[in-house]
Amino acid sequence: MPTSAAYLIVVLVWATTPLAIKWSAEAGAPVGSVWLRMAIAVVLGLAILYASGRRLSLTKRALASYAAAVPGVFGAMALSYHASQTLASGLMSVMFGLAPLLSGLMLQLLPGANKLARWHWIGCVLGVVGLAVIFADSLSVGQQQLGALALMVVAVTLFSGSGIAVQRVAAGLHPLNQTVGALLLSMPCFAVLWLVSGEPLMVPLTQRGLWSVLYLGVFGSLLGFLCYYLILSRLSAATVALVTLITPVLALGLGMAFNAEQPSISMVVGALLILTALGAYLFGDRLARLAAPPR
């Protein structure tokens, strides 16, 4: 698949996923809904692997790569689905926009990583301010939304750390192998969580919830993760991170257009600060060089 097509698919899938998550879990069974989503993706993924003559790699490095992806699949998705019961879909996407900032900060703790420049730190500070504004707005709404926001911060942290771990393992796997392997290792975790959550084993779904689960299984999990791991293996981390600058704007618009979501002024200010932070983090140094007078 061409890299540009994969990149566009990731943007579109990530922009629509928060709203689909919210709809799929609206009947009150978030864990069952996400397990069903993953099961659909795994069955389709294994079928495609078999039809294409490939086999799921089970080498030590491949298993390590799958395991490295589990926090980003199981941890981030389980927390996101729980938070979707309270948060607007657009806000969920904005929270995931923090991923590049968190990734950059995490990398500072690892050997061989490039040190953050001035504009990176400015972006991180702006991101924290934007997050504080959103938290302050949620505090005025109630403790339930504040708790959901805290879950999203943990979810994004797990997602960011998982992406770094997969790149560090550098197993050189085909993106479909990486996707299916990560989903397979995550499914038992979702199954255990489903059993202990007390949710009914027959997943209650509304009509749009059923279509949302099917969409998330085919596109959100299989195609979305496939294209994500593909661009992760071909492009720089900064270029991949640009997705998180684009998708929140689209997700906010979709939430307002199709789910009657009306963000408060404070929430919009916080979201703009986070998006500005991402812009500073990703492009600050480049813009500073362009603005500098020629020597």
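For helix α1 (residues 3-24), spanning 22 residues, the distance from its first C-alpha to its last is 30 Å, which sits close to the expected 32 Å at 1.5 Å a residue. The axis of α1 is deflected most strongly, by about 35°, at Thr-17, and proline Pro-18 appears within four residues downstream.

Before going further, it helps to examine the layout of surface pockets. Estimates place the volume of the second largest pocket at around 210 Å³. Contributing to the lining of the second largest pocket are 13 residues, with Val-166, Gly-172, Leu-173, Tyr-229 and Ser-233 lying nearest its centre. Those elements giving two or more residues to the lining of the second largest pocket turn out to be α7 (143-169), α8 (175-197) and α9 (207-234). Of the residues forming the lining of the second largest pocket, the biggest block, three residues, is contributed by α9. Along the lines of polarity and charge, the residues of the lining of the second largest pocket split into seven nonpolar, six polar and no charged.

With that out of the way, let us pick up unusual backbone geometry. Here the phi dihedral of Ala-260 falls at roughly 55°; this positive angle occurs in a residue that is not glycine. Mapped onto the fold, Ala-260 is located in the loop between α11 (243-258) and α12 (265-291).

This brings us to the nonpolar core. Core analysis: the largest hydrophobic core is formed by 68 residues, its most contacted members being Met-38, Val-73, Leu-87 and Tyr-229. Looking at this core element by element, the count peaks at 10 residues for α9. When sequence neighbours within four positions are dropped, the list of residues in contact with Leu-87 reads Lys-22, Met-92, Gln-145, Ala-148, Leu-149 and Met-152.

Judged by side-chain polarity, Val-192, Leu-195, Val-196 and Leu-201 come together as a nonpolar surface patch covering roughly 440 Å² of accessible area. With respect to the element layout, Leu-195 can be found in helix α8.

Each α-helix winds once per 3.6 residues, and so residues spaced three or four apart point in a common direction. Between its first and last C-alpha, α9 extends 38 Å over 28 residues, near the 40 Å set by a 1.5 Å rise per residue. Where α9 bends most, the angle comes to about 40°, and this point is Leu-216.

Moving on to the packing of aromatic side chains. How two aromatic rings sit relative to each other is given by the distance of their centres and the angle of their planes. In this structure the tally under the stated criterion is seven aromatic pairs. Each ring, one from Phe-74 and one from Phe-190, has its centre 4.9 Å from the other, and the planes form 80°; the classification is edge-to-face. With Phe-74 in helix α3 (residues 60-83) and Phe-190 in helix α8, the pair connects residues that are 116 residues apart, well separated along the chain. When its relative accessible area of 0% is taken as the criterion, Phe-190 is described as buried. Members of the aromatic cluster, each reached through a chain of ring pairs, are Trp-14, Phe-96, Phe-159 and Tyr-228.

Checked against the element boundaries, Val-169 lands in helix α7. For the pair Val-169 and Thr-239, spaced 70 residues apart in the sequence, the C-alpha separation amounts to 20 Å. Apart from the residues lying within four places of it in its own chain, the contact partners of Val-169 are Arg-61, Ala-64, Ser-65 and Ala-68.

To continue, consider the side chain of Asn-259. With respect to the element layout, Asn-259 can be found in the loop between α11 and α12. A relative accessible area of 18% means that Asn-259 is categorised as buried.

Across all of its chains, the model carries three cavities of 30 Å³ or more by this definition. Its volume calculated, the largest cavity comes out at about 310 Å³. Of all the secondary structure elements, the ones that give two or more residues to the lining of the largest cavity are α1, α3, α4 (89-96), α9 and α11. When residues of the lining of the largest cavity are assigned to their parent elements, the largest contribution, four residues, is made by α1. Partitioning the lining of the largest cavity into residue classes produces nine nonpolar, nine polar and one charged. The computed volume of the second largest cavity comes to approximately 60 Å³. Residue lining of the second largest cavity: Ala-69, Gly-72, Val-73, Phe-159, Ser-162, Gly-163, Phe-225, Tyr-228 and Tyr-229, and that is the complete set. Breaking the lining of the second largest cavity down by element, the ones donating at least two residues are α3, α7 and α9. Class assignment for the residues of the lining of the second largest cavity results in six nonpolar, three polar and no charged.

Let's shift gears to the confidence of the model for the protein. Summary statistics for the protein give a mean pLDDT of 83 and a share of 92% for residues scoring 70 or more. Here helix α10 (residues 237-241) is the element of the protein with the lowest mean pLDDT, 68, and α3 is the one with the highest, 92.

We now examine the environment of Gly-147. Along the chain, the position of Gly-147 falls in helix α7. For Gly-147, a relative accessible area of 34% puts it in the partly exposed group. As a C-alpha pair, Gly-147 and Val-42 span 105 residues in sequence and 31 Å in three-dimensional space.

Basis of the calculations
- Every chain begins its residue count from 1, and numbering advances along the sequence as written.
- Reporting of local features is limited, given that this is a predicted model, to residues whose pLDDT is at least 70; pairs of side-chain atoms are given and counted only at 80 or more, and all residues count toward the totals for whole chains, interfaces and linings.
- The side-chain quantities take in all heavy atoms of the structure and omit both hydrogens and water.
- Strands here mean DSSP runs of E at least two residues long; helices mean DSSP runs of H or I at least four residues long; both are numbered from the N terminus.
- Expected helix span is taken as 1.5 Å per residue step, with the number of steps being one fewer than the number of residues.
- Consider a residue and the seven residues that end there alongside the seven that start there; fitting an axis to each set, the bend is the angle between those axes.
- Only protein atoms enter the 1 Å grid, on which a cavity is a set of points fitting a 1.4 Å probe that cannot get out and a pocket is an open set with protein on both sides within 12 Å along at least 5 of 7 lines, lining residues being those with an atom within 4 Å of a point.
- Grid points are joined across faces, edges and corners, and a volume is the space filled by probe spheres set on the points.
- In the scheme used here, Gly and all other residues not listed as nonpolar or charged are polar, with Ala, Val, Leu, Ile, Met, Phe, Trp, Tyr, Cys and Pro taken as nonpolar and Asp, Glu, Lys and Arg as charged.
- Throughout, nonpolar core names a set of buried Ala, Val, Leu, Ile, Met, Phe, Trp, Tyr and Cys residues whose side chains join them through atoms within 4.5 Å.
- Residue burial is assigned from relative accessible area. The probe radius is 1.4 Å, only protein chains are included, and a residue is buried under 20% of its type maximum, exposed over 50%, and partly exposed in between.
- Any two residues having at least one pair of non-hydrogen atoms within 4.5 Å are treated as being in contact.
- Only residues whose relative accessible area exceeds 30% and that take part in no salt bridge are eligible for patches, with like-charged residues grouped when within 9 Å of each other and nonpolar side chains (Val, Leu, Ile, Met, Phe, Trp, Tyr) grouped when within 5 Å.
- For the area figures, the Shrake-Rupley method with a 1.4 Å probe applies, and any residue is considered shielded solely by the protein chains shown.
- Basic side-chain nitrogens of Lys or Arg form a salt bridge, by our definition, when they fall within 4 Å of a carboxyl oxygen of Asp or Glu.
- Between 30 and 60 degrees the pair is tilted, below 30 it is stacked and above 60 it is edge-to-face, where a pair is any two Phe, Tyr or Trp rings, Trp via its six-membered ring, whose centres lie within 6.5 Å.
- One confidence number per residue, pLDDT, is output by the predictor and ranges from 0 to 100.

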